[in-house]
Amino acid sequence: ITLFTEADFENLRTIANVMKQSGCKVEDWMLQLRKKTGNDKKKAAPRRPRIDTTPSYDKRKRSKKRQMIQQSKKRKQSDGSA
């Protein structure tokens, strides 16, 4: 099973051709979609959010470390000016 979003619909014919060449079963209606024109090809790929695989534990740990460093710098500045 392959799922397509509405953002992928413009590129669906190209995707379907690749799937067909790799031996996957492809519906005929996908192959009968109109080809992209020159102006359509120049459009950028749809923007998708970045996928982050970092565990939330590591993110919290990194955030706490940054906060500690910032607080330490603030303390040094306030101690140096007093």
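Q: What's the story with the nonpolar core in this structure? I'm lost.
A: Nonpolar side chains in soluble globular proteins generally cluster together in the buried interior. In terms of nonpolar packing, the biggest core is built from seven residues, these being L12, A16, M19, V26, M30, L31 and L33. When residues in this core are grouped by element, the largest group, three residues, is from helix α1 (residues 12-21).

Q: Looking at this structure, how should I read the pattern of salt bridges?
A: Any two side chains of opposite charge can pair, given that their charged atoms come close. Considering all chains together, one arrives at one salt bridge under this definition. Of the charged contacts in the structure, one is a salt bridge between K59 and D52, with a shortest N-O distance of 3.2 Å.

Q: How should I be thinking about the confidence of the model for the protein chain in this particular structure?
A: The predicted coordinates of low-pLDDT regions are not to be read in fine detail. Overall, the prediction assigns the protein chain a mean pLDDT of 83, with 87% of residues at 70 or greater. Averaged over each element, pLDDT in the protein chain is lowest for helix α3 (residues 38-41) (63) and highest for helix α4 (residues 56-81) (92).

Q: Got a minute to help me understand the environment of A16 in this structure?
A: Topologically, A16 is positioned in helix α1. It is 6.3 Å that separates the C-alpha atoms of A16 and M30, two residues lying 14 residues apart in sequence. When sequence neighbours within four positions are dropped, the list of residues in contact with A16 reads V26, M30 and L31.

Cut-offs and rules
- Residues numbered from 1 in each chain as written.
- Predicted model: local features only at pLDDT ≥ 70, side-chain atom pairs only at ≥ 80, totals over all residues.
- Heavy atoms only, no water.
- Core = buried A, V, L, I, M, F, W, Y, C linked by side-chain atoms within 4.5 Å.
- Buried < 20%, exposed > 50% of the residue type's maximum accessible area, 1.4 Å probe, protein only.
- Helix = DSSP H or I, 4+ residues; strand = E, 2+ residues; numbered from the N terminus.
- Salt bridge = Lys/Arg side-chain N within 4 Å of Asp/Glu carboxyl O.
- pLDDT = per-residue confidence, 0-100.
- Contact = heavy atoms within 4.5 Å.

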